[in-house]
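Each chain, letter by letter, is given below.
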Amino acid sequence: MNILRSYGSDLMMVLITYDVETVSPKGRGRLRRVAKKCTDYGMRVQNSVFECIVDAAQCKMLQAELLSIIDLEKDSLRFYYLGNNYQTKIEHFGVNEVTSMDDVLLI
């Protein structure tokens, strides 16, 4: 996992969801590229859902990179801005609870 962070800035959590057409080979390629780009900035929490802790500049950069990948006629991309007090806005139930992105992660 390669999470880009900028310490000392105002970090916020952004939830990114996407739906990429996968009927065509080009669509499957876009799906892989979108997922790979999201892993550069955050952690996958469900198949097409990522939690990213970024500053405003990183968020705009990620948004531009993802928009350069998807096909706006066939795909969908959503950003949910949970802000910097995101810990109080998330409840999780069931299996596969994600490790806190504030914790130290050794790989």
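Please refer to the structure higher up on the page.
Now for a look at the structure at hand.

Thresholds applied
Residues numbered from 1 in each chain as written. Predicted model: local features only at pLDDT ≥ 70, side-chain atom pairs only at ≥ 80, totals over all residues. Heavy atoms only, no water. Salt bridge = Lys/Arg side-chain N within 4 Å of Asp/Glu carboxyl O. Pairing = 2+ DSSP bridges. Helix = DSSP H or I, 4+ residues; strand = E, 2+ residues; numbered from the N terminus. Axes fitted to C-alpha atoms, helices over the stretch in contact; angles between N-to-C directions. Contact = heavy atoms within 4.5 Å. Parallel < 35°, antiparallel > 145°, perpendicular 65-115°, else oblique. Nonpolar A, V, L, I, M, F, W, Y, C, P; charged D, E, K, R; others polar. Core = buried A, V, L, I, M, F, W, Y, C linked by side-chain atoms within 4.5 Å. Buried < 20%, exposed > 50% of the residue type's maximum accessible area, 1.4 Å probe, protein only.

What follows deals with the pattern of salt bridges. By the definition in use, this model includes five salt bridges. Each of K36, K37, D40 and E65 takes part in salt bridges that share partners, so that together they form one network.

What follows is about the sheet that holds strand 3 (residues 49–54). Spatially, the four strands line up as an open sheet ordered 2-3-1-4, and their pairing is antiparallel. Pairing within the sheet leaves two strands with one partner each, and these edge strands are strand 2 (42–46) and strand 4 (76–83). Within this sheet the neighbouring strands show an average axis-to-axis angle of 25°, counted without direction. Taken strand by strand, helix 1 (residues 25–41) contacts strand 1 (12–19), strand 2 and strand 3, and its axis lies near 35° from that of strand 3.

It is at 10 Å that the axes of helix 1 and helix 2 (residues 56–69) come closest, and there the two elements cross at 170°. Comparing their axes, helix 2 and helix 1 come out roughly antiparallel. Residues R30, R33, V34, K37, C38 and Y41 of helix 1 touch helix 2, and the partners they reach there are Q58, M61, L62, E65, L66 and I69. Split by residue class, the contact of helix 1 with helix 2 holds seven nonpolar, one polar and four charged.

Let us now look at the nonpolar core. One finds I16, Y18, V34 and L66 to be the most contacted residues of the largest nonpolar core, which totals 19 residues. Put simply, the parts of the chain that give this core at least two residues each are strand 1, helix 1, strand 3, helix 2 and strand 4. Discounting chain neighbours no more than four positions away, the residues touching L66 are I16, V34, K37, C38, L77 and F79.

Fair warning: the whole summary comes from geometry, so function is off the table for now.
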